[in-house]
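So you can see what is in the structure, the chains are spelled out below.
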Amino acid sequence: MFKVRKELEDAQRTSDGRNWPDNFNDRLTSPLPTFRELFQMFRELGPRGNLADAARIPVHRPPVLPRAEPGQTLVTWVGHATYVIQIGGLTVLTDPVWSSRIPGVRERVTPVGVTWESLPTIDAVVISHNHYDHLDNPTIHRLPRETPVLVPAKLAGWFRRRGFRDVTELDWWESREIVSAVPEQAPGARSARFDFVPAHHWSRRTLTDTNKTLWGGWVLTADDGSRVYFAGDTGYGHWFGEIAARYPGIDLALMPIGAYEPNWFMKPVHLNPEEAVQACLDVGARRMASMHWGTFVLSAEPLLEPVERATKAWETSGRPREDLWNLAVGETRIM
């Protein structure tokens, strides 16, 4: 048994012909919580019986997903950290979760913003890390196995075991270019570059794989220079400034604004709304679209508080109100 486990671990460390480390503990910004702290956090969370405010979370589910015209970039909020991004002639999914519930969490409080059947051909899927609210096995199972998938280091094996044939795993600051499925001779055939960038977070999917795979965000750049930053899950820290230095001119930052209470526990790995606004400024993005709120109840703050605090922080910063996109579930905006 131990020999088999060692062989599997060795194979994972040399995935794609690369000699990955056993774990990525050295990438942590802050120490992980102890079991005592975890117990205290769950005690503070307590039952979340009163979810009446869920009815006030805006939902706009058009019967047909709007399609980008040549040269346009469109983003559609599906819920939580899932966006449909149409950029550079590609249709991209971020951390796709179409399930009604995820392990250990009650059923989603708002519906999925886009029906699966209304999706066009997906040109790429990007994954930020392996936590269950960002990597959803039932949703991944619905994807065609030839779909290009871009994942953090040492996560490729999870997809290949499920039959995916085009999987690219990257370290921070590495990239891959994907060409649109449109034939080269057809008008509007385009491409985009996907850069994997650092985040202040961690990874774990089982009791024995803590930080065995990497975590991060993604910068998507079309060949016309349009640029979207998907932050994934992250706390606040120095990486945003370095991302800005390496990728100037970000047009839109998709920033998490929820799951921050209790603050003493969540702060190292989840932005609060004020930190999200500051991170958007740090990363040099012109606009910010919120996410990671109003879908799954993961923490103790009131359901509507993240968007209310983000709006107030944005106005306090003096930035144009129209550049803060608090999208309804299912809503699409043109960048």
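Residues numbered from 1 in each chain as written. Predicted model: local features only at pLDDT ≥ 70, side-chain atom pairs only at ≥ 80, totals over all residues. Heavy atoms only, no water.

Attention now goes to the overall build of the chain. Along the chain, the regular secondary structure elements total 8 helices and 14 strands. Relative to the compact-globule value of 20 Å for 335 residues, the chain shows a C-alpha radius of gyration of 19 Å, a close match. The principal-axis extents of the C-alpha atoms in the chain amount to approximately 55 × 50 × 40 Å. The buried share of the chain, reckoned over its 335 residues, is 55%. For the chain, the proportion of contacts with a sequence separation of at least 24, taken over those separated by at least 6, is 70%. Of the accessible surface of the chain, which amounts to about 14,700 Å², a share of 53% is contributed by carbon and sulfur atoms. For the chain, the centre of its 38 positive side-chain charges and the centre of its 41 negative side-chain charges are spaced 4 Å apart. (Helix = DSSP H or I, 4+ residues; strand = E, 2+ residues; numbered from the N terminus. Rg over C-alpha atoms; globule rule 2.2 N^0.38 Å. Buried < 20%, exposed > 50% of the residue type's maximum accessible area, 1.4 Å probe, protein only. Contact = heavy atoms within 4.5 Å. Areas by Shrake-Rupley, 256 points an atom, 1.4 Å probe, with all protein chains shown as cover. Lys, Arg positive; Asp, Glu negative; His and termini not counted. Charge placed at Lys NZ, Arg CZ, Asp CG, Glu CD.)

Turning our attention to helix α8 (residues 305–317). Compared with an ideal rise of 1.5 Å per residue, which puts 13 residues at 18 Å, α8 spans 18 Å between its outermost C-alpha atoms and is within 8% of the ideal. Regarding α8, the residues found buried are Pro-306, Val-307, Ala-310, Thr-311, Ala-313 and Trp-314. Seen from one end, α8 has its buried residues packed into an arc of 165°, which puts them on one side. Residues of α8 that are exposed and angled more than 90 degrees away from the buried face: Lys-312 and Thr-316. (Expected span 1.5 Å × (residues − 1). Arc of directions from axis to C-beta.)

Let us now look at the packing of aromatic side chains. Within the structure shown, the criterion is met by 12 aromatic pairs. Here Trp-172 and Trp-215 contribute two aromatic rings whose centre-to-centre distance is 6.5 Å and whose plane-to-plane angle is 80°, an arrangement assigned as edge-to-face. Separated by 43 residues along the polypeptide, Trp-172 in the loop between β6 (167–170) and β7 (175–179) and Trp-215 in the loop between β8 (191–197) and β9 (217–222) bring together distant segments of the chain. Exposure class is identical for Trp-172 and Trp-215. Each is buried. Seen in terms of ring centroids, Trp-172 and Trp-239 are 5.3 Å apart; in terms of plane orientation they differ by 70°. Their pairing is edge-to-face. Residue Trp-172 is found in the loop between β6 and β7, and its partner Trp-239 is found in helix α5 (residues 239–246); the two are separated by 67 residues along the sequence. Neither Trp-172 nor Trp-239 differs from the other in exposure class; each is buried. (Phe/Tyr/Trp six-rings, centres within 6.5 Å; stacked < 30°, edge-to-face > 60°.)

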